[in-house]
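# Architecture at a glance
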Amino acid sequence: SDTELYLKKPIKFASEKAEAEARLLLESGSVYKAAEKIDQSEVYAQVFEHLAHGHCIGVFSEGGSHDRPDLLPLKAGVALMALGAMDANPGLNVKIIPVGMNYFHPHKFRSRALVEFGDPIEIDQSLTDMYADSKTSNEAVRILLGEITKGVKAVTVTCPDFESLSVVQAASRLYSDQFSNKLSIASIVEMNRRLLNGFLHFKDDPRIKSLKNEILKYNEDLKSMKVPDHLVGKAIVKSKLSILLDLVQTFSQVIILGILALPGIIFFSPVFVATKKISEKKRKEALAGSTVKIKGNDVIATWKILVSMGFAPILYTLYSLLGIRIVHIYYPSASKIFAFLTFYAFSASVTYSALIFGDKGMDLFKESKAAWLMLTNQQGFTDLKTKRDKLASDITQTINELGPQLFPDFSIL
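These remarks concern the structure in this document. The structure displayed is predicted, hence computed values, not measured ones.

### A look at the layout of surface pockets
Taken as a whole, the second largest pocket holds about 1100 Å³ of empty space. Each residue belonging to the lining of the second largest pocket can be placed in one class, and the counts come to eight nonpolar, six polar and seven charged.

### A word on the packing of aromatic side chains
Considering all chains together, one arrives at seven aromatic pairs under this definition. The interplanar angle of 75° and the centroid separation of 4.9 Å between the aromatic rings of phenylalanine 267 and tyrosine 319 together place this pair among those described as edge-to-face. In this pair, phenylalanine 267 is assigned in helix α10 (residues 240–288) and tyrosine 319 in helix α11 (residues 297–330), connecting sequence segments 52 residues apart. Here phenylalanine 267 falls in the partly exposed class, since its relative accessible area comes to 26%. In this structure tyrosine 319 comes out as partly exposed when scored by relative accessible area, which is 23%. Taken together, a centroid distance of 5.3 Å and an interplanar angle of 80° make the contact between phenylalanine 268 and phenylalanine 272 edge-to-face. With phenylalanine 268 and phenylalanine 272 both in helix α10, this residue pair falls four residues apart, about one helical turn. For phenylalanine 268, a relative accessible area of 14% corresponds to the buried category. An aromatic cluster of three or more residues is present, and its members are Phe268, Phe272, Tyr316, Phe340 and Tyr344. Just above the ring of phenylalanine 407 sits the side chain of arginine 194; from NZ or CZ to the centre is 4.7 Å.

### Considerations on helix α4 (residues 125–132)
Residues of α4 that are buried include every one of Leu127, Thr128 and Tyr131, and no others. Down the axis of α4, the buried side of the element spans an arc of 100°, and every buried residue falls inside it. Looking at the packing, one finds that the buried side of α4 touches α3 (77–88) and α5 (137–154).

### What to know about the packing of helix α6 (residues 162–175) against helix α13 (residues 378–406)
Running from amino to carboxyl end, α6 crosses α13 at an angle of 95°, the nearest separation of the two axes being 9 Å. Here α6 is positioned roughly perpendicular relative to α13, judged by the angle of their axes. On α13, the residues touching Ala171, Leu174 and Tyr175 of α6 are Arg388, Leu391, Ala392, Ile395, Thr396, Ile399 and Asn400. The residue inventory of the contact of α6 with α13, partitioned by class, reads seven nonpolar, two polar and one charged.

### With respect to the side chain of aspartate 205
Counting through the fold element by element, aspartate 205 comes out in the loop between α7 (185–201) and α8 (206–225). Using a relative accessible area of 18% as the deciding quantity, one classes aspartate 205 as buried. Engagement of the side chain of aspartate 205 in a polar contact is seen with the backbone nitrogen of arginine 207, the distance being 2.8 Å.

### A closer look at empty space enclosed by the protein
Across all of its chains, the model carries one cavity of 30 Å³ or more by this definition. In this structure, the largest cavity occupies an estimated 40 Å³ of space. Lining the largest cavity, in full, are Ile324, Val327, His328, Ala334, Ser335, Lys336 and Ala339. Mapped by element, the contributors of at least two residues to the lining of the largest cavity are α11 and α12 (336–376). Of the residues forming the lining of the largest cavity, the biggest block, three residues, is contributed by α11. The class makeup of the residues in the lining of the largest cavity is four nonpolar, two polar and one charged.

### Digging into the pattern of salt bridges
All told, the structure shown has 17 salt bridges when counted by the stated rule. Between lysine 212 and glutamate 163 there is a salt bridge; the shortest N-O distance is 3.0 Å. In this pair, lysine 212 sits in helix α8 while glutamate 163 sits in helix α6, placing the two residues 49 residues apart along the sequence. For glutamate 163, a relative accessible area of 40% translates into the label partly exposed. Here arginine 283 and glutamate 280 are joined by a salt bridge, their closest N and O atoms 2.7 Å apart. With arginine 283 and glutamate 280 both in helix α10, this residue pair falls three residues apart, about one helical turn. On the accessibility criterion, arginine 283 (19% relative accessible area) is buried. Here the salt bridges share partners, and the residues they tie into one network are Glu116, Glu190, Arg193, Arg194 and Asp409.

### Points about the nonpolar core
Grouped together as the largest cluster of nonpolar side chains are 37 residues, with contacts concentrated most on Ile215, Val227, Val232, Leu384, Leu391 and Ile395. Sequence-distant contacts of leucine 384, that is, excluding residues within four places in its chain, are made with Tyr218, Asp221, Leu222, Met225, Val227 and Val232. Listed in part, the 26 residues of the second largest apolar core include Leu83, Ile96, Ile121 and Ala140.

### Some details on the pairing of strand β3 (residues 113–117)
The side-chain alternation of β3 yields one buried face, formed by Leu114 and Glu116, and one unburied face, formed by Ala113, Val115 and Phe117. Pairing analysis gives five bridges linking strand β2 (residues 99–103) to β3, with the strands arranged antiparallel. Bridge pairing in β3 links valine 99 to phenylalanine 117.

### Some words on the packing of α4 against α5
The relative placement of two packed helices comes down to the angle between their axes together with the axis-to-axis distance. α5 packs onto α4 with a crossing angle of 140° between their chain directions and a minimal axis gap of 6 Å. For the pair α4 and α5, the crossing hand works out as left-handed. Contact residues: Leu127, Met130 and Tyr131 in α4; Ser137, Glu139, Ala140, Val141, Ile143, Leu144 and Glu147 in α5. For the contact of α4 with α5, the class distribution of residues is seven nonpolar, one polar and two charged.

Scoring rules and cut-offs
- Residues numbered from 1 in each chain as written.
- Predicted model: local features only at pLDDT ≥ 70, side-chain atom pairs only at ≥ 80, totals over all residues.
- Heavy atoms only, no water.
- 1 Å grid on protein atoms, 1.4 Å probe; cavity = no way out; pocket = protein on both sides within 12 Å on 5 of 7 lines; lining within 4 Å.
- Points joined across faces, edges and corners; volume = space filled by probe spheres on them.
- Nonpolar A, V, L, I, M, F, W, Y, C, P; charged D, E, K, R; others polar.
- Phe/Tyr/Trp six-rings, centres within 6.5 Å; stacked < 30°, edge-to-face > 60°.
- Helix = DSSP H or I, 4+ residues; strand = E, 2+ residues; numbered from the N terminus.
- Buried < 20%, exposed > 50% of the residue type's maximum accessible area, 1.4 Å probe, protein only.
- Lys NZ or Arg CZ within 6 Å of the ring centre and 35° of its normal.
- Arc of directions from axis to C-beta.
- Contact = heavy atoms within 4.5 Å.
- Axes fitted to C-alpha atoms, helices over the stretch in contact; angles between N-to-C directions.
- Parallel < 35°, antiparallel > 145°, perpendicular 65-115°, else oblique.
- Polar contact = N/O pair within 3.5 Å; in protein donor to acceptor, adjacent residues only side chain to side chain.
- Salt bridge = Lys/Arg side-chain N within 4 Å of Asp/Glu carboxyl O.
- Core = buried A, V, L, I, M, F, W, Y, C linked by side-chain atoms within 4.5 Å.
- Pairing = 2+ DSSP bridges.
- Left-handed = near helix turned anticlockwise from the far one by under 90°.

Put into structure tokens, the structure is as follows:
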């Protein structure tokens, strides 16, 4: 009602502090929002007809985007659509294909991603019969939704929390250090999924607890020294003179690439400014109105893409019109259409070139961090590399011992 709200089950809290604050609110009274029931009968009718004709429908079952390491509880709509279509059209066989999207660097520009399609979920006729009976329809939906959730989780790498995710990612990097360049994206995702299952299965094993603590300490060392793990692994300890020469060469390349990228950066700067301001504003709005987002990084990524897609063509058009004006002053008889297309293509090419040069230059700049660290704190870097090598050896030995216990087909190959 407008004044009372009943909860189906107790609320879970992340910490004792959060629980104390929540209890205070629950005891003293708290403002809440209520969403009115929406009539979806017309939507479902069209969905049933669409499926009856053998067509497909893509459903994002979580109901919205978020930046959590685990799936949100799936909405019942996908189960209702499948069971409802089969109930409304006897003899219809609706199959549900779980799809998982796995990102290697979520919410970063041009992240590598793998889309996996799971095995089709066949809906048993008994579930359709249960759905047709008003007394058991909710139970039928619950059962099917459970199967769908299992199917989606089978093709998605999900973690209960960020700490577990960081431990599994570090273990994956250190374990596959010697052969990671031989693995496909699908193989890496499958390895990460198995490592996560193994970590959760053996989490109370003393060896796993010890490794977890060592990994977390190593991650903290990386943060404090401001160097990424892969650079520690690839680095070769040399004399200070060799390191200095490498740094000079690297910075020379960075400067050259920066000069090549500069025109495109200047041309595209209005888009950079617009995307940053608008995406940050939208992130704050989304965080204020959401209970599932953590930092709102998904909103930043979405709005950067949307603003760029809308703003870039407008910017290129303005540059092209300006180009036509300049050409018309010096060459009045020149074709305006040809001039417009030329300037538009030139604007797009310059900004794309800046993207390529900027990417390469930034990669080189990041790689130079390890060399700079070896130059200024060689002992600290050497100790970090030694710690990494020992940790990689311990992780490899533990995985090779425990892996066959959980996965009968376990093989380093």
